[in-house]
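# Remarks on the overall topology
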Amino acid sequence: MAKHLQDTTTLHNGVKMPWFGLGVYKVEEGDEVYQSVKSALSKGYKSIDTAAVYGNEEGVGRAIKDSGIPREELFITTKVWNADQGYETTLAAYEESLKKLQLDYVDLYLIHWPVEGKYKETWRALEKLYIDGRVRAIGVSNFHVHHLKDVMADSEIVPMVNQVEFHPLLAQKELLAFCKENKIQMEAWSPLMQGELLNNPVLSEIAEKHNKSVAQVILRWDLQNGVVTIPKSVKDHRIQENSEVFDFELSAEDMEKINTLNEDQRVGPDPDNFDF
């Protein structure tokens, strides 16, 4: 169980990935993303998660460069967008992301969504990047079990990570079990359900008991489920608060209470039904 902000899980290829990181979805390019990443890195975060479509890779790259932290101590994730999927186009998109981030490699490169008819070719491109040593780990995002099975059916490499919407109202039990069984590390985006869970009475009661915030209880629940989590914030004090989840533990009873909140409710699109 993760005890410190720098603690890592080991992916099935031996690469160590931090259990906790900063997400920058909907964080504006320029000063906002720069300050957000700079703040997180100064507070001991080692993992930053961005994507081509977020439009803020340049600001993320500047903050990394200016942090003075040795590159090998950081874990940087980005993702290929749907419009760039396909074999050659994915390889080109990766080069573009590297240029914007001012990096020689990223630690984790993900397929952002399972675009029908394209994601298998895209995966082939990720395998090439990985085999060529251009990226330390490869994975997917927003893949259901059937998408994972489809990729695994005729690929050389099993995805190392599956980053999906995951929070107490969308506990993804079947997907989590499948990922664990196949040594695919699950990672949560929108762990706080874009703030919609912060007034939940069950979570509020558990938070009060532990003298923690509801956000901290949810993030701790992620970790105790064996799920990597990357909450987003642009507020300095919130970036600090989010990371203070390693000094308490939820009991089996707490975990069960949170588990019963599941309603299979999404804030984002269903990976079987999106049109972008």
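In case you missed it, the structure is sitting above this.
If you're wondering where the values come from, they're calculated on a predicted model, not measured in any experiment.

### Points about the overall build of the protein chain
Scanning the protein chain for helices and strands turns up 10 helices and 10 strands. By its C-alpha atoms, the protein chain is 55 × 40 × 35 Å across when sized along the principal axes. The buried share of the protein chain, reckoned over its 276 residues, is 58%. Accessible area of the protein chain: about 11,900 Å², with a carbon and sulfur share of 46%.

### What about the sheet that holds strand S10 (residues 228-229)?
As summarised here, the arrangement of the eight strands in space is S3-S4-S5-S6-S7-S8-S9-S10, forming an open sheet in which the pairing is parallel. Two strands close off the open sheet at either side, each with one partner strand: strand S3 (22-23) and S10. Where strand S5 (residues 75-80) meets strand S6 (residues 106-111), four bridges bridge the pair, whose relative direction is parallel. What sits directly across from Thr 78, in S6, is Tyr 109.

### Concerning empty space enclosed by the protein
Leftover empty space is mapped by rolling, across the atoms, a probe with the size of a water molecule. Using the criterion set out here, one finds one cavity of 30 Å³ or more in the structure. The volume enclosed by the largest cavity comes to roughly 40 Å³. Tallied by class, residues from the lining of the largest cavity come to four nonpolar, three polar and two charged.

### Quick word on helix H5 (residues 145-153)
Residues Val 145, His 147, Leu 148 and Val 151 constitute the buried set of H5. Down the axis of H5, the buried set is contained in an arc of 160 degrees. They therefore lie on one face. Those residues of H5 that are buried lie in contact with helix H4 (119-131), strand S7 (135-141), strand S8 (161-165) and helix H6 (173-181).

### Examining the pattern of salt bridges
It is possible for side chains bearing opposite charge to pair when their charged atoms get close. By the definition in use, this model includes 15 salt bridges. Residues Asp 107 and Arg 71 are paired through a salt bridge, measuring 2.8 Å at the closest nitrogen-oxygen approach. Here Asp 107, found in strand S6, pairs with Arg 71, found in the loop between helix H2 (57-67) and S5; they are 36 residues apart in sequence, far enough to count as distant. Each member of the pair, Asp 107 together with Arg 71, is buried.

### A word on the packing of aromatic side chains
One pass over the full model with this rule turns up 10 aromatic pairs. Ring geometry for Phe 274 against Phe 276: centres 5.1 Å apart, planes inclined by 50 degrees, an arrangement best described as tilted. The exposure class assigned to Phe 276 is partly exposed, which follows from its relative accessible area of 39%. Within the aromatic cluster, the residues linked to one another by ring pairs are Trp 81, Trp 113, Phe 274 and Phe 276. The ring of Tyr 87 has Arg 124 sitting right over it, with the charged end atom 4.2 Å from the ring centre.

### Concerning the environment of Leu 170
Note on placement: Leu 170 falls in the loop between S8 and H6. A residue is classified by how much of its surface remains accessible, and Leu 170, at 3% relative accessible area, is buried. Considering only alpha carbons, one finds Leu 170 and Met 193, 23 residues apart in sequence, at a separation of 9.1 Å. Apart from the residues within four sequence positions on either side, Leu 170 is in contact with Glu 165, Asn 262, Asp 264, Gln 265 and Arg 266.

Definitions and cut-offs
Residues numbered from 1 in each chain as written. Predicted model: local features only at pLDDT ≥ 70, side-chain atom pairs only at ≥ 80, totals over all residues. Heavy atoms only, no water. Helix = DSSP H or I, 4+ residues; strand = E, 2+ residues; numbered from the N terminus. Buried < 20%, exposed > 50% of the residue type's maximum accessible area, 1.4 Å probe, protein only. Areas by Shrake-Rupley, 256 points an atom, 1.4 Å probe, with all protein chains shown as cover. Pairing = 2+ DSSP bridges. 1 Å grid on protein atoms, 1.4 Å probe; cavity = no way out; pocket = protein on both sides within 12 Å on 5 of 7 lines; lining within 4 Å. Points joined across faces, edges and corners; volume = space filled by probe spheres on them. Nonpolar A, V, L, I, M, F, W, Y, C, P; charged D, E, K, R; others polar. Arc of directions from axis to C-beta. Contact = heavy atoms within 4.5 Å. Salt bridge = Lys/Arg side-chain N within 4 Å of Asp/Glu carboxyl O. Phe/Tyr/Trp six-rings, centres within 6.5 Å; stacked < 30°, edge-to-face > 60°. Lys NZ or Arg CZ within 6 Å of the ring centre and 35° of its normal.

Take it as geometry only, folks, not as evidence of what the structure does.
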